[in-house]
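Coordinate inspection notes
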Amino acid sequence: HTIHTFAMNQTNNTNLTLVEYSQYAARFATVTYQYADIVTYTMRAAGTLTSLLNIAVFAHPRVLRSADVFAHLLSMSVADLAYLGLLLASNLLNKLCAASATQCGPNAQYLALFLLVAVNDYFSSALALFSILLEIFLTVQRLFMLNNRKLFRDKLGVPHVLSALLLFSCLFYAPVIFQSEIR
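Here the structure is a predicted model, which is why all the values come from computation and not from measurement.

We now examine the overall build of the protein chain. Of the regular secondary structure elements, the protein chain holds seven helices and two strands. In the protein chain, 64% of the contacts between residues at least 6 apart in sequence involve partners at least 24 apart. Surface exposure of the protein chain reaches about 12,300 Å², of which carbon and sulfur atoms provide 66%.

In structure tokens form, the structure reads like this:
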């Protein structure tokens, strides 16, 4: 006994039975991960967990009070956690919503595309630059310590350095915000 026609295939206009339609729809609703995706998501998850561990260590009051360098390392770990965690969430949500229009509603699809542009193109790049600049600052401080010189230690407090580097990083990548569009 044959099953009555349920839907039309849009690609070649042939009739599909209910069973064929469910198999056809299931093919588009499943999320498939390539090997590169799995490696990327695994590394981002490991980086997120490592950043959480670093935050737990550097946020300890005794460690924070011992030297300003630990406050810088704490802020670098927070920045790493923010951009790696958001990249992981953005990529997973985008992968889920890109598989099929039925997986996510229109609001979730818009959120996935917005996060893809905001996080992948702007936020992660700005925070990565912030971490790199902070690492360079710490390296220059170490160099000055080895040479027994002061690098504005009294004038450059932790909040001043962090806010200046974060502001520079965000402004440096600001043009990226206006280059992408969500459709």
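Another point: the pattern of salt bridges. What the rule picks out here adds up to two salt bridges. Between Lys95 and Asp37 there is a salt bridge whose closest N-O contact spans 2.9 Å. Taken together, the residues Lys95 in helix α4 (residues 68-99) and Asp37 in helix α2 (residues 35-58) connect sequence positions 58 residues apart. Here Lys95 falls in the partly exposed class, since its relative accessible area comes to 24%.

Here helix α5 (residues 106-146) crosses helix α6 (residues 158-172) at 140°, and the two axes come no closer than 8 Å. If you check the angle between α5 and α6, you find them oblique. Crossing hand, α5 versus α6: right-handed. Here Tyr122, Ala126, Leu127, Leu129, Phe130, Leu133, Leu134 and Phe137 of α5 lie close against α6, whose contacting residues are Val161, Leu162, Leu165, Leu166, Phe168, Ser169, Cys170 and Phe172. Here the contact of α5 with α6 is composed, by residue class, of 15 nonpolar, one polar and no charged.

Our next topic: the confidence of the model for the protein chain. Summarising the model, the protein chain shows a mean pLDDT of 79, and 75% of its residues fall at 70 or more. Contacts from residues 1-13, a stretch scored under 50 in pLDDT, to residues over four places away or in other chains number 22 contacts.

In this section: α6. End to end, α6 covers 21 Å across 15 residues, agreeing with the expected 21 Å (1.5 Å per residue, within 8%). For α6, the full list of buried residues reads Val158, Val161, Leu162, Leu165 and Ser169. One face of α6 carries all of its buried residues, which in axial projection span an arc of 95°. In α6, the exposed positions angled more than 90 degrees off the buried face are occupied by Pro159, His160, Leu167 and Leu171.

Rules of the game
- Residues numbered from 1 in each chain as written.
- Predicted model: local features only at pLDDT ≥ 70, side-chain atom pairs only at ≥ 80, totals over all residues.
- Heavy atoms only, no water.
- Helix = DSSP H or I, 4+ residues; strand = E, 2+ residues; numbered from the N terminus.
- Contact = heavy atoms within 4.5 Å.
- Areas by Shrake-Rupley, 256 points an atom, 1.4 Å probe, with all protein chains shown as cover.
- Salt bridge = Lys/Arg side-chain N within 4 Å of Asp/Glu carboxyl O.
- Buried < 20%, exposed > 50% of the residue type's maximum accessible area, 1.4 Å probe, protein only.
- Axes fitted to C-alpha atoms, helices over the stretch in contact; angles between N-to-C directions.
- Parallel < 35°, antiparallel > 145°, perpendicular 65-115°, else oblique.
- Left-handed = near helix turned anticlockwise from the far one by under 90°.
- Nonpolar A, V, L, I, M, F, W, Y, C, P; charged D, E, K, R; others polar.
- pLDDT = per-residue confidence, 0-100.
- Expected span 1.5 Å × (residues − 1).
- Arc of directions from axis to C-beta.

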